[in-house]
Amino acid sequence: MKLYEFEAKKIFKKYGIPVLNGIVITKDTDFDGALSMVTFPIVLKSQVLTGGRGMAGGIKFAETKGEAVAKIQELFALKIKKHPVEMILIEKKANIKKEIYLSITINKEKNCPVLIACPEGGVDIEHIAEKNPEKILEIEIDIFRGLTGYELRQIAKKLDIGHNLFDICKKMYTLFMECDANLVEINPLAITDEGLLAIDAKMVIDDKALYRQKIFSEIEKKRDQIQKMVKQYGLSTYVELDGDIGLISDGAGTGMLTLDIINDYGGKAANFSELGGVTNADTIKNAMKVVSSKTNVKVLLISMIGGLNRMDEMAEGIIAFFKEHDPIPVVIRMCGTLEEIGKKMLQEEGFDTTDDLYEAVQKAVELSKRC
Amino acid sequence: MAVLIDKKTKVLVQGITGRTGSFQTKIMKDYGTKIVAGVTPGKGGQEIYGIPIYNFVEEAVAEHDINAAISFVPAKFALDAAYETIDAGIQFMVVTAEGIPNVDILKMIQYGCAKNTKILGPDTPGIISPEKCKMGVHPNRFFKEGNVGVISKSGALSYEVCKSMVEKSVGQSTVVGIGGGPLWGTSQIDVLKLFQEDKETKAIVLLGEIGGTMEEKTAQYIKEHIDKPVVSLIVGRSAPQGKRMGHAGAIIEGKVGTAESKIEILRKCGSIVAKTPEDIPKLLMDVL
């Protein structure tokens, strides 16, 4: 789960990482009132959950109130990579002497947290990694030991910034661990006359840890209606796509395979739900509810090759769904654990099943074109 | 021969009395896996399917000869369960739970590394050496003894492929589910190494998916170190940018992790790339 800059800055502040005090406005805010609370010159920063905001014109500066109002209106009319600007963070313009890059993320090969630093801040770090990899400094962090002073002194020396990074990096690392973050990024970290200052703040929280991260799970709940339904029904995955076949599978890998085959047969999936490991009859019933609730779904394709999932329970859920809901064309592919029982239960209720994935996909694609 | 587990493997089940743990234990035992003990806190002294239950792993290890463990402990408690197994000195552990926070996974893997316990998973269906031993949740009928080693991130995808293989009478030496990612205690390369050394394994099937850069690194390793034929399949060709396709690791971010890039590099590095599971048995028969 990505956080908005202003949300991440609130967390930074809590952990003692220096940030500016800003205010957040929406289209409904009284701009005049808000602008009378800030000291000019100011910076207006679009709050969107995507990168490349600066390049897309999502950050503007203003010297006066009049200029600010005009630019606020421009920003609210803007879309950044399809994300409409709905909030703007207003801060005092900082007096920057030098900018560097700092982040903590996970090194997936070495299985450890890693601190990444670069003497050039405010830039696209992936671009630097490609063009000038030697500029990027990394410290692999032992998860049981944490960051050490000597490593940070080495980094500070290589960055040649004459500032001790120990304090800020320690705080970033504490925040990273305590908040179950997958990424904490300060790009840029500015060196100003008053010391270090996080000009931007980016945080990605581990979705799998939201159960023990109350603050973030509350934020997430407010954001997305469908995802809310997905959470509420305990589904492992729900992905929106743009076709007309509603796909439910009992594994992610087989789900992706099925999407590929649907494509190969000339069909298109409307959405895709994967049940995950721990399932029961309600899991599939709820997945059917969520997937079929999308209006362009013409046919449901349910593909089961259960190891952990029990086909007797899957059959029970499918039957229960059709007792409670209007009929919709459905193709069921079923094999795996307790398949004999599952198939028999479905047959008794008049549902055909097949073992063969290709046959099932072909049938679903044909139905989607006929309906 | 098989890799990681065989007929001699003596297994402990953590979370043996839970809904999934008990159900799958019965199937594993019926399959022939030597399950010698189970652990569920508070249920020590009881028995399930004739298997003695202990409160702690340490107690089970004191009473039995155990060299592998499979954990059905839910995500929230999975790290503690792993610590317990690692501290008891068991050197191979399968962690099935999905949804374990990344920080917990890192701790589990690093602690295992330091204390010499190999972790398979998390979020894995486990491992099966057909007709010898199964530590996992695989539906039995899609597997038969043979000489193809299978490596998969996804459980169900490995069932799909092994089903196609068995329908054409191509069996497996061992099928290893490494897990859905984005963090892995055992990587594709770790398993490739084992298959390369295993005399029984004549060919290898590598089942990958979009997201991350593991397949790219694996492809390079195949080129440099593997002389057995490798047939690979990458799923997620039709996946859109930026959407997480079920597995935590399966997401295309920018140019990183697309099926095209993985397929291309695997091909360049000498792997045969299949388009669908159905092609795999035929491609295997050509090389075997």
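Residues numbered from 1 in each chain as written. Chains lettered and ligands numbered in written order. Predicted model: local features only at pLDDT ≥ 70, side-chain atom pairs only at ≥ 80, totals over all residues.

### Some words on the overall build of chain B
Now for step 1: Scanning chain B from terminus to terminus reveals 9 helices and 14 strands.
Now for step 2: A globule of 288 residues ought to have a C-alpha radius of gyration of about 19 Å, and chain B, at 18 Å, matches this closely.
Now for step 3: Along the longest, intermediate and shortest principal axes, the C-alpha atoms of chain B span 55 × 40 × 30 Å.
Now for step 4: Considering only contacts in chain B between residues 6 or more positions apart, those separated by 24 or more positions represent 71%. (Helix = DSSP H or I, 4+ residues; strand = E, 2+ residues; numbered from the N terminus. Rg over C-alpha atoms; globule rule 2.2 N^0.38 Å. Contact = placed C-beta atoms within 7 Å.)

### Topic: the overall build of chain A
Now for step 1: Along its length, chain A carries 13 helices and 18 strands.
Now for step 2: Taking the principal axes of the C-alpha coordinates as reference, chain A spans close to 80 × 50 × 40 Å.
Now for step 3: Within the span of chain A, comprising 371 residues, buried residues form 44% of the whole.
Now for step 4: Here the contacts in chain A between residues at least 6 apart in sequence split such that 68% fall between residues at least 24 apart. (Buried ≥ 20, exposed ≤ 12 C-beta atoms within 10 Å, placed from the backbone.)

### Points about the interface of chain B and chain A
Now for step 1: Contacts between the two partners involve 43 residues from chain B, matched on the other side by 41 residues from chain A.
Now for step 2: Counting residues per element, the ones that place at least two in the side of chain B that touches chain A are α4 (102-114) and α5 (155-167) of chain B.
Now for step 3: Residue composition of the side of chain B that touches chain A, grouped by class: 19 nonpolar, 15 polar and 9 charged. (Nonpolar A, V, L, I, M, F, W, Y, C, P; charged D, E, K, R; others polar.)

### Examining the domain arrangement of chain B
Residue and element names in this part refer to chain B.
Now for step 1: Splitting chain B by domain gives domain 1 (10-120) and domain 2 (138-287).
Now for step 2: One C-alpha centre belongs to domain 1, the other to domain 2, and the line joining them spans 27 Å.
Now for step 3: Taken together, the contact between domain 1 and domain 2 spans 9 residues of the former and 5 residues of the latter.
Now for step 4: Listing elements by their share of the side of domain 1 that touches domain 2, those giving two or more residues are α4 and β7 (118-120). (Domains from an automatic or database assignment.)

### A few points about the sheet that holds strand β1 (residues 23-26) of chain A
All names here are of chain A.
Now for step 1: The strand order across the open sheet built from 4 strands is β1-β6-β2-β3, with neighbouring strands paired in antiparallel fashion. On the outer flanks of this sheet lie β1 and β3 (59-62), each paired with one strand and no other. Strand-to-strand twist of the sheet, defined as the mean angle between neighbouring strand axes without regard to direction, takes the value 25 degrees.
Now for step 2: The sheet contact formed by strand β2 (residues 42-46) and strand β6 (residues 87-92) spans 5 bridges and is antiparallel. Note on β6: the bridge partner recorded for Leu44 is Ile90.
Now for step 3: Along the sheet, helix α3 (residues 65-76) makes contact with β2, β3 and β6, crossing β2 at roughly 10 degrees. (Pairing = 2+ DSSP bridges. Axes fitted to C-alpha atoms, helices over the stretch in contact; angles between N-to-C directions.)

### Considerations on the sheet that holds strand β4 (residues 51-54) of chain B
Residue and element names in this part refer to chain B.
Now for step 1: Spatial strand order, β3-β4-β2-β1-β5-β6-β7: 7 strands in an open sheet with mixed pairing. Two strands bound the open sheet, and with one partner strand each, they are β3 (47-48) and β7.
Now for step 2: Most of the contacts of helix α1 (residues 19-31) go to strand β2 (residues 34-39), to which it runs at about 165 degrees, and overall it touches β1 (10-14), β2 and β3.

### Overview of the nonpolar core
Now for step 1: Ranked by internal contacts, the top residues of the largest apolar core, which has 137 residues, are Leu301(A) and Leu12(B).
Now for step 2: Leave out the neighbours within four places in its chain, and Leu12(B) touches Val36(B), Ala37(B), Gly38(B), Val39(B), Val57(B), Ala60(B), Ile66(B), Ala69(B) and Ile90(B).
Now for step 3: Ranked by size, the runner-up nonpolar core spans 40 residues in total, among them Ala117(A), Leu147(A), Val184(A) and Ala190(A). (Core = buried A, V, L, I, M, F, W, Y, C linked by C-beta atoms within 7 Å.)

### Topic: the environment of Lys153(B)
Now for step 1: Position of Lys153(B) relative to the elements: it lies in the loop between β10 (145-152) and α5.
Now for step 2: For the pair formed by Lys153(B) and Leu207(B), sequence separation is 54 residues and the distance between their alpha carbons is 6.7 Å.
Now for step 3: In this structure Lys153(B) touches Gly253(A), Ile178(B), Gly179(B), Gly180(B), Gly181(B), Leu207(B), Gly208(B), Glu209(B) and His247(B), once residues within four positions along its chain are discounted.

### Brief notes about α4(B)
Now for step 1: Along its 13 residues, α4(B) runs 18 Å from first to last C-alpha, staying within 8% of the 18 Å computed at 1.5 Å per residue.
Now for step 2: Here α4(B) has its buried residues at Asn102(B), Val103(B), Asp104(B), Ile105(B), Leu106(B), Met108(B), Ile109(B) and Gly112(B).
Now for step 3: Considering only its buried residues, α4(B) is in contact with β7 (96-107), β8 (112-118), α6 (166-178) and β10 (181-192) of chain A together with α3 (75-87) and β7 of chain B.
Now for step 4: In the stretch just after α4(B), Asn116(B) is the one whose phi turns positive, near 70 degrees. (Expected span 1.5 Å × (residues − 1).)

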